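Structure assessment
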Amino acid sequence: TELLCKLVLERLNEEFYAATLAGLSYDLYPTCYGVAIRVDGFSHKLPALAVRICAEIASLAASPSDEGQLRRVCLSHELALANAGFAPEKRCAEI
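So, here is what we can say about the structure in this document. (Residues numbered from 1 in each chain as written. Predicted model: local features only at pLDDT ≥ 70, side-chain atom pairs only at ≥ 80, totals over all residues. Heavy atoms only, no water.)

Some details on helix α4 (residues 67-83)
- The end-to-end C-alpha distance of α4 is 24 Å, a good match for the 24 Å that 17 residues give at a rise of 1.5 Å each.
- Looking at α4, one finds that the buried residues are Gln 69, Val 73 and His 77. Within α4, the buried residues cover an arc of 70 degrees as seen down the axis, which keeps them to one side. In α4, those exposed residues whose orientation departs by more than 90 degrees from the buried face are Glu 67, Leu 75, Leu 79 and Asn 83.
- Considering only its buried residues, α4 is in contact with α1 (2-12). (Helix = DSSP H or I, 4+ residues; strand = E, 2+ residues; numbered from the N terminus. Expected span 1.5 Å × (residues − 1). Buried < 20%, exposed > 50% of the residue type's maximum accessible area, 1.4 Å probe, protein only. Arc of directions from axis to C-beta. Contact = heavy atoms within 4.5 Å.)

Encoded structure:
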C-alpha cells in the first residue's frame, strides 16, 4: 500500500501544483485499515480534491502507470528504506 500511495501522489504532483501554491495540501498514506486521504486548506474545493485523488486511485486499475514513473517511485522507496537502515534486497530474500 505504501508504493500505491507514493505512485498516486507522483501521478497527481503536476496536476495539483497550483492547488498547493493556493494553500491547499493533500496526502495519501497507508494505515492498518488500508489507505487514508487527507486534504487540508481553506477552500470550497476540498471535496473535489478528495474526489480527484480517489479517481486517480481507481484509474490505476484501468491504466497502469508508465514504467519510468513506477521505476522512480520504487527507487525513491528503496532509498528511503536504505536511509532508515533497512536492506530491501535482504528483506526480499528472507520472504
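As for the packing of α1 against α4
- For the pair α1 and α4, interaxial distance at closest approach is 10 Å and the crossing angle is 125 degrees. With respect to α4, the element α1 is oriented oblique. When you trace α1 past α4, the crossing you get is right-handed. Contacts between α1 and α4 pair Glu 2, Leu 3, Lys 6, Leu 7, Glu 10 and Arg 11 from the former with Gln 69, Leu 70, Arg 72, Val 73, Cys 74, His 77 and Ala 80 from the latter.
- Tallied by class, residues from the contact of α1 with α4 come to six nonpolar, two polar and five charged. (Axes fitted to C-alpha atoms, helices over the stretch in contact; angles between N-to-C directions. Parallel < 35°, antiparallel > 145°, perpendicular 65-115°, else oblique. Left-handed = near helix turned anticlockwise from the far one by under 90°. Nonpolar A, V, L, I, M, F, W, Y, C, P; charged D, E, K, R; others polar.)

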